[in-house]
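Chain and residue survey
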Amino acid sequence: MSENPEIRRLIISTFKLCGYTIRSGCPFLVEELAKIPQEDHRKLLEDMCDHVQRQNLSAPVLEQQHLELAFKESQNYGLNESETVFSVIPDAFAIPSFVYDSERKKFLPSGQVRSLLGDSGAKGECLRNRYYMLWQRTARHEMFSKSVLDRNAAGFVLRRVENILCTSKMRDVVIMGLFTKFSDGKFHVEDPTGTIALDMTDAKMHSGLFCDGCFVLVQGKYQEGILKVSSLGFPPPEAASSSRAYFGTANTWGGPSKTLLKYSQRLKTVELTDTEATIIFLSDCWLDDETVMEKLRVLFEGYDDSPPVAIVLMGPFTRILEHYRVLKERFTKLGNIVAQCPSILAKTDIVFVPAADDPPSSNILPRSALPDFLLSDLRRKVPRAVAATNPCRLQYCTQQITIFRMDLVTKLCRNAIKFPETGLIEEHVARTLVCQGTLAPMHMNVMPILWQFDASLSLYPLPDLVVLGDSTKSFTTDLQGCTILNVGSFPKSNFSFKVYVPHNRTVEDSMIPSDDSDQP
């Protein structure tokens, strides 16, 4: 388009500043820019340059197909055509896996072909990946960084086990490794280079719930093959904004988008302007309990005038184990209730997250979604019903939400080597999860996992919200910009549930009123 020389010059100069030469396709781009307001030209071209860089071209020469792809992606503002402002990532088995490259000092896609039946080395590889993730995070912390050590003689030196074993004694030792109990009944700390026995007699424990199988920082004095522990703590936590710098723009969260939607400015604008958006969370949705079904009917009818983005129902979906056909009838009945709420039917995703007692019963994480057989009739009435794995993930605009149905608080307290004497239990739980960077911070005999799908349990980088479906008392706490929310049991807490407001990142307590609440 020679009649638009100014637009042509702007296109060439913008791409030239980014290091690219346009060989073909400039007339196409001139024609497209002529259709939009002039004040938006430069911003669009800068977005296109960003998308061109993600194409990983072998040479800085652009053809028309490169420009067309970049233009299409910039028009979608980083989203694929199949994505919306809200999306459910229901399959934990499809969550991408990343491993730390110590030479390049960044995380790279593992590229491993994963299997439910991992080989003999899969368990060790799983633990090594956790270790190196925590090691690189800890080594960057100000307590261990070289810049601090240069200025402050009181700084710590993070050592590996092999460095300790080659000496007969060493004072002021700090090691990070797997905290484990051997068959002799003694605790050891283990890393990829070796194992050291621990003397825990005078150990001072920092905040958190320390279980066999978690990773710890151990400080003490080494002598004659024994490390006499003076202090036991967790690896320091790290804000998600710092962690993401080591992943680049790769989509670590899952879903069809090629890049991480956390960086989408358009989604951020939607997130801040949509003040009415809410997400509802309930746990222990016993469909075989008539009182629970009635309360669910009240909930759906009550929200039909102002439908939420999603309603997440966590299991177990029966109070008493029943035959599959009986449970299917219960889901069909729930579908009939939802079908009477036209606004929810049209605008709200209904997400089902199974518990360990739901079919097909499994004690291994991640847990498969509910079978299609159970939800077939419900889906005919409620097309937006989603059967998710446990755990599963949600994406609302730029916010990342992890959902996990397990009595995790109970399990952590039961397996802790020493119960904390001070502090709130929710603070200890939050610190344990955030510092460990996983939903399964204990021995695999206690909390079995599928080794090659450990990425689905990862909390690194930290999501914005972690939703636990634990039957204990509900709570909400924050740490390092991550909100840890325990929903509590719907029927055991007078039919209370949680409402998350993404606009201001707040959690509201809500409750279905009792039948006699309106009586004088």
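Read on for a plain summary of the structure.

Calculation rules
- Residues numbered from 1 in each chain as written.
- Predicted model: local features only at pLDDT ≥ 70, side-chain atom pairs only at ≥ 80, totals over all residues.
- Heavy atoms only, no water.
- Helix = DSSP H or I, 4+ residues; strand = E, 2+ residues; numbered from the N terminus.
- Polar contact = N/O pair within 3.5 Å; in protein donor to acceptor, adjacent residues only side chain to side chain.
- Contact = heavy atoms within 4.5 Å.
- Phe/Tyr/Trp six-rings, centres within 6.5 Å; stacked < 30°, edge-to-face > 60°.
- Buried < 20%, exposed > 50% of the residue type's maximum accessible area, 1.4 Å probe, protein only.
- Lys NZ or Arg CZ within 6 Å of the ring centre and 35° of its normal.
- Axes fitted to C-alpha atoms, helices over the stretch in contact; angles between N-to-C directions.
- Left-handed = near helix turned anticlockwise from the far one by under 90°.
- Nonpolar A, V, L, I, M, F, W, Y, C, P; charged D, E, K, R; others polar.
- Core = buried A, V, L, I, M, F, W, Y, C linked by side-chain atoms within 4.5 Å.
- Pairing = 2+ DSSP bridges.
- Parallel < 35°, antiparallel > 145°, perpendicular 65-115°, else oblique.

Among the secondary structure elements, Thr432 is positioned in helix 15 (residues 425-436). From its side chain, Thr432 meets the backbone oxygen of His428 in a polar contact 2.7 Å long. Thr432 has contacts with Gly208, Leu209, Phe234, Leu412 and Pro441, leaving out every residue within four places of it along the chain.

This part takes up the packing of aromatic side chains. If you walk through the whole model with that rule in mind, you get 18 aromatic pairs. Geometrically, the ring pair formed by Phe317 and Phe352 is edge-to-face, given 5.9 Å between the ring centres and 65 degrees between the ring planes. Taken together, the residues Phe317 in the loop between strand 14 (310-314) and helix 11 (324-339) and Phe352 in strand 15 (residues 349-353) connect sequence positions 35 residues apart. Note on accessibility: Phe317 and Phe352 belong to one class, buried. Put simply, the rings of Phe98, Tyr100, Phe107, Phe247 and Tyr460 touch in pairs and so form one group of aromatic residues. The ring of Trp253 is capped by Arg393, whose NZ or CZ atom sits 4.3 Å from the centre of that ring.

Moving on, we get to the packing of helix 1 (residues 5-17) against helix 2 (residues 26-33). Running from N to C, helix 1 and helix 2 cross one another at 115 degrees; their axes reach a closest spacing of 9 Å. Two packed elements cross with a definite hand, and for helix 1 against helix 2 that hand is right-handed. Across the interface between the two elements, Ile7, Arg8, Ile11, Ile12 and Phe15 of helix 1 pack against Cys26, Pro27, Leu29, Val30 and Leu33 of helix 2. Split by residue class, the contact of helix 1 with helix 2 holds 9 nonpolar, no polar and 1 charged.

With that settled, consider the nonpolar core. For soluble globular proteins, the rule of thumb is that nonpolar side chains tend to be buried together. Leu282, Leu296, Phe300, Leu313, Phe331 and Phe352 are the most contacted members of the largest nonpolar core, which totals 35 residues. Contributions of two or more residues to this core are made by strand 13 (279-282), helix 10 (290-303), strand 14, helix 11, strand 15, helix 13 (372-381), strand 16 (385-387) and strand 22 (496-501). With 6 residues, the top contributor of residues to this core is helix 10. Dropping the residues within four chain positions of it, Phe352 is found in contact with Leu313, Phe317, Phe331, Leu334, Leu370, Leu375, Leu378, Ala385, Val386, Ala387 and Ala388. Counting 29 residues, the second largest nonpolar core, distinct from the first, contains Cys126, Val429, Leu439 and Met447.

Here we take up the environment of Asp478. Among the secondary structure elements, Asp478 is positioned in strand 20 (residues 475-479). Linking Asp478 and Asp464, residues 14 residues apart in sequence, is a C-alpha distance of 9.7 Å.

Read from one edge to the other, the open sheet built from 6 strands follows the order 3-17-18-19-21-20, with strand pairing classed as mixed. The sheet is open, and its two borders are formed by strand 3 (86-89) and strand 20, each paired with just one other strand. Strand-to-strand, the axes of this sheet are offset by a mean angle of 15 degrees, without reference to chain direction. Of the pairings in the sheet, the one linking strand 19 (residues 465-468) to strand 21 (residues 482-486) comprises 4 bridges and is parallel in character. Directly across from Val466, in strand 21, lies its bridge partner Ile484.

Moving on to the pairing of strand 12 (residues 226-233). Relative to strand 12, strand 9 (residues 194-199) is paired through 3 bridges, and the arrangement is parallel. If you follow Ala197 over to strand 12, its bridge partner there is Ile226. The pairing of strand 11 (residues 215-223) with strand 12 spans 7 bridges and is antiparallel. Across the sheet, the residue bridging to Gln219 is Ser231, located in strand 12. Connecting the antiparallel pair strand 11 and strand 12 is a turn made up of 2 residues, with Glu224 showing a positive phi of about 55 degrees.

Where helix 14 (residues 408-415) meets helix 15, the closest approach of the two axes is 11 Å, and the angle between their N-to-C directions is 90 degrees. Taken together, helix 14 and helix 15 sit at an angle that is classed as roughly perpendicular. Along the contact surface, helix 14 presents Leu408, Val409, Leu412 and Cys413, while helix 15 presents Ile425, Val429, Thr432 and Leu433.

It is worth spelling out the sheet that holds strand 23 (residues 506-511) at this point. Spatially, 6 strands are ordered 16-15-14-13-22-23 in an open sheet, and the strand pairing comes out mixed. At either margin of the open sheet sits one strand with a lone partner, and together these are strand 16 and strand 23. Going across the sheet, the axis of each strand differs from the next one's by a mean of 20 degrees, ignoring polarity. Across 4 bridges, strand 13 lies against strand 14 in parallel orientation.

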